[in-house]
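Structural description and commentary
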Amino acid sequence: MKITVLSGSPKGDLSVTFQYVRFIMKKNPDHEWVVHHVGRHIGRLAKDRDAFAAIMDDVSGSDAVLWATPVYVALVPSQLKRFVEMVFGGENRKVFAGKYAGVITTSIHFYDHTAHNYLRAISEDLEMHFAGSFSPDMYDLMKSEEQQRLLQYAELFLNAAASRPPVPKAFAPLPLSGFDYEASQVSPDSRKTGLQGSKVVVIRDDNEPGTNLDAMVRRFTDSFAEAVPVYCLDEIHITGGCLGCCQCGIDYRCVYTGKDAFIDFYRDTVMAADVVVLAGTAVDRYLSWKWKQYFDRRFFNTHTPTLINKQLGYLVSGPLAGLPNLRQIMEASAEWEQANLVDIVTDECADSSLLDERISAFARNLMECAAARYVRPRTFLGVGGMKVFRDDVWGRLRFVFQADHAWYEANGAYDFPQYDEKTIEINNAMMQAMEDPDTRESIRKMIKTKMVEPHQHIVETR
Ligand SMILES: Cc1cc2nc3c(=O)[nH]c(=O)nc-3n(C[C@H](O)[C@H](O)[C@H](O)COP(=O)(O)O)c2cc1C
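A short tour of the structure in this document, coming up. These numbers were taken from a predicted model, which means no experiment stands behind them.

How each quantity is defined
- Counting of residues starts from 1 at the beginning of each chain's written sequence and follows it residue by residue.
- This being a predicted model, a pLDDT of at least 70 is required before a residue's local features are given, and a value of 80 or more before pairs of side-chain atoms are given or counted; all residues contribute to the totals for chains, interfaces and linings.
- As a rule here, side-chain values come from all non-hydrogen atoms in the structure, and water together with hydrogens is ignored.
- Counting from the N terminus, the helices are DSSP H or I runs at least four residues long and the strands are E runs at least two residues long.
- Think of it in three bands: residues with accessible area under 20% of the maximum for their type are buried, residues over 50% are exposed, and the middle band is partly exposed, with areas taken using a 1.4 Å probe on protein chains only.
- Residue contacts are counted whenever heavy atoms from the two residues lie within 4.5 Å of one another.
- What is meant by a nonpolar core is a set of buried Ala, Val, Leu, Ile, Met, Phe, Trp, Tyr and Cys residues, joined one to another through side-chain atoms within 4.5 Å.
- Where a domain begins and ends is set by an automatic assignment or by a domain database.

Moving on to unusual backbone geometry. Of note in this structure, valine 73 is not a glycine but carries a positive phi near 45°. Mapped onto the fold, valine 73 is located in the loop between strand 3 (64-70) and helix 4 (78-88). Since its relative accessible area comes to 33%, valine 73 is described here as partly exposed. Of note in the backbone geometry, tyrosine 252 takes a positive phi value of approximately 65° without being a glycine. Examined against the element boundaries, tyrosine 252 turns out to sit in the loop between helix 8 (248-251) and helix 9 (262-270).

Next comes the structure, spelled out in structure tokens:
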């Protein structure tokens with residue numbers, strides 16, 4: 001069989017993920033493997049139609065396609081996202097139809113599932129048959145049992161491509177919308193929201209006039225009594241996507257420093273704001289690759305939160321209700337950034353006056369939360385995610401990500417239970433006391449009342 005590997009890492013041959021693919025190729029020499037480092041060469045592929053067409057030819061002549069990519073910011077690198085958008089453009093998507101699709105990522109298991117959901121969903125949108133995915137930790141290849149597991153996956157993937165079993169779809173097709181939003185002007189009376197000293201910024205990915213997003217952004221800024229600055233990613237000098245070199249881990253110094261305007265923009269505009277509103281149109285199963293590039297380049301701050309206590313919101317044009325994976329990424333990134341995600345307003349209601357009201361209410365809501373300095377408690381998305389970072393930054397990633405380590409130490413992010421002396425003391429005393437069978441039985445009966453007692457005390461005394 002012929003298998004085309006679409007490798008998404010900007011590091012090309014030096015990609016960790018690609019070593020997993022090389023291992024599979026070495027152990028399965030009877031197949032024809034064709035590798036395209038689309039992430040590494042995206043700049044050229046975007047300009048050179050022939051080079052892109054050659055990849056489409058390989059896909060067309062293949063029995064299966066293997067997406068092989070690192071997880072970057074809960075998805076794939078912006079370079080691969082851009083390639084996916086090129087595939088969806090024009091007639092290219094047809095060459096993928098009917099092929100079997102496999103997915104290999106490497107990561108530290110921070111939102112690897114959302115990257116896998118994305119790749120499965122776009123494979124299904126391309127009318128491919130999903131033949132399973134594999135998500136090892138980036139260092140799993142060092143372990144012989146994990147090497148075996150990788151080869152088992154490869155066998156299952158290759159068997160599926162050869163025997164072509166029917167495969168259920170996991171994701172419903174996205175609804176199409178023909179709705180044209182016509183925003184009304186907000187009357188210049190008391191209904192306009194005041195900024196009350198807060199710095200509000202809106203960032204959008206393109207400046208295309210006449211789109212629903214354009215009208216949504218206008219309605220939003222018009223909801224304020226004062227001018228709200230709107231920045232467009234297209235107009236900020238951004239040389240390229242994150243290259244994955246991780247040099248920033250040492251001291252937050254990105255290799256792009258002095259080479260483009262992104263770092264200054266992020267520090268001086270985004271990090272200096274109190275309220276940040278991100279506006280974008282859904283493109284395939286995410287936002288645009290330009291937005292993905294923004295999120296990847298934000299990684300010069302590595303695993304250190306940059307939006308602490310800020311109010312965050314999104315204006316999205318597109319079928320977000322059909323994109324729970326994208327919503328989860330938005331919620332998760334707000335939570336681990338320690339920001340307050342106030343709301344996500346979309347144009348799915350398909351009713352201009354309702355959308356007008358929703359956007360104005362959103363503006364008021366953002367300012368109310370900013371005035372109250374409200375940040376809602378984190379859910380599993382933020383709590384669980386931070387534990388993954390905490391353990392890795394404390395452990396194996398520490399010397400590369402020493403800037404994170406210093407920040408985590410200084411800001412109480414190392415909240416390991418091992419450091420909680422009071423709890424350790426209580427546990428030791430109680431475990432010892434409960435060795436006595438009578439005490440054990442009486443404590444068993446007290447768990448419910450004792451659990452609520454301190455809470456009752458607070459309610460009754462405060
Ligand atoms: C910009 C950037 C973003 C990353 N985002 C994530 C992430 O969201 N989740 C995760 O588990 N690992 C993340 N990682 C870690 C990579 O997925 C991991 O190091 C991977 O093995 C790199 O593979 P590669 O060498 O093939 O590029 C990120 C790394 C970089 C450089």
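Locating threonine 17 in the fold gives a position in helix 1 (residues 16-27). Judged by relative accessible area, threonine 17 falls into the buried class, the value being 2%. Those residues in contact with threonine 17, other than ones at most four positions away along the chain, are Ala68, Thr69, Pro70, Ile104, Thr105 and Thr106.

We now examine the nonpolar core. Residues Trp67, Phe83, Phe96, Ile203, Leu278 and Tyr294 are the most contacted members of the largest nonpolar core, which totals 81 residues. For this core, the two domains that each supply at least three residues are domain 1 (2-163) and domain 2 (200-378). Apart from the residues lying within four places of it in its own chain, the contact partners of phenylalanine 96 are Leu6, Met56, Val59, Val65, Trp67, Val87, Leu126, Glu127 and Met128. If you look at the next biggest cluster of nonpolar residues, it comprises 26 residues, including Val200, Val217, Ala363 and Cys369.

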